[in-house]
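Here is how the chains run, residue by residue.
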Amino acid sequence: MRLWTIHPRYLDSRGLVALWREALLARAVIRGETRGYRSHPQVERFLLHPAPRAAINAYLAGVHAEACARGYAFDRRKIGPTRGVSGIEATSGQVAYEWEHLLAKLCRRNPECYQRWRELESPECHPLFTVVPGPVETWERVSPAQTH
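Residues numbered from 1 in each chain as written. Predicted model: local features only at pLDDT ≥ 70, side-chain atom pairs only at ≥ 80, totals over all residues. Heavy atoms only, no water.

S.K.: It is not clear to me how the nonpolar core should be interpreted in this structure. Could you clarify?
M.R.: Across soluble globular proteins, nonpolar side chains have a tendency to be buried as a group. Leu3, Phe46, Tyr59, Leu102 and Phe129 are the most contacted members of the largest nonpolar core, which has 36 residues in total. Looking at this core, the elements that each hand over two or more residues are helix H1 (13-30), helix H2 (41-47), helix H3 (52-69), strand E1 (88-91), helix H4 (92-109) and helix H5 (111-117). With eight residues, the single largest contributor to this core is H1. When sequence neighbours within four positions are dropped, the list of residues in contact with Phe129 reads Trp4, Thr5, Arg45, Phe46, Tyr59, Ile88 and Ala90. (Core = buried A, V, L, I, M, F, W, Y, C linked by side-chain atoms within 4.5 Å. Buried < 20%, exposed > 50% of the residue type's maximum accessible area, 1.4 Å probe, protein only. Helix = DSSP H or I, 4+ residues; strand = E, 2+ residues; numbered from the N terminus. Contact = heavy atoms within 4.5 Å.)

Right, dumping it as structure tokens:
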């Protein structure tokens, strides 16, 4: 499961659809509707939020907005209330790690998308997140080949 900190605009179509499904699964975890993934590190930051359900709904809303901008028909009814949700801090190291990780995926899976984004040095985050200085998040499972 990958709940990207970076803005969904950078994902190719395959990545955006996968993100939607994974965020819906995370929502089910947060709502206690599934036994799987309860201790998944990507879900941890939502569970630590003062309003976990509102936070994952806000995350889904951001993914949905990107899908709509591309003309996709993601079901808005699957998103609960998002009003008054506070943001989540994300470290600059986490954003850099994810960006490198995404570019590597795009290079293999969608060279055209990779070419579009490879020169970008500072990607925007999903609207739910605010970047603060810091290393890769402690919950991230960093592969040895991708360390900062």
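S.K.: How do you make sense of the environment of Gly134 when you look at a structure like this?
M.R.: Among the secondary structure elements, Gly134 is positioned in the segment after strand E2 (129-132). In the structure, Gly134 is positioned 71 residues away from Val63 in sequence and 25 Å away in space, judged by C-alpha atoms. Setting aside anything within four residues of it in sequence, one finds Gly134 in contact with Thr91, Ser92 and Gly93.

S.K.: I would appreciate a short explanation of the side chain of His126 in the present structure.
M.R.: By the secondary structure assignment, His126 is in the loop between H5 and E2. Given the relative accessible area of 1%, His126 is considered buried.

S.K.: Can you help me understand the packing of H1 against H3 in this one?
M.R.: Helix packing geometry: the angle between the two helix axes and the distance between the axes. At a minimum axis distance of 10 Å, the contact between H1 and H3 shows a crossing angle of 165 degrees. Between H1 and H3, the angle falls in the class roughly antiparallel. Considering how the two elements wind past one another, H1 and H3 form a crossing that is left-handed. Contacts from Leu16, Leu19, Trp20, Ala23, Leu24, Ala26, Arg27 and Ile30 of H1 reach H3 at Pro52, Arg53, Ile56, Asn57, Tyr59, Leu60, Val63, His64, Glu66 and Ala67. Its residues assigned to classes, the contact of H1 with H3 comprises 13 nonpolar, two polar and three charged. (Axes fitted to C-alpha atoms, helices over the stretch in contact; angles between N-to-C directions. Parallel < 35°, antiparallel > 145°, perpendicular 65-115°, else oblique. Left-handed = near helix turned anticlockwise from the far one by under 90°. Nonpolar A, V, L, I, M, F, W, Y, C, P; charged D, E, K, R; others polar.)

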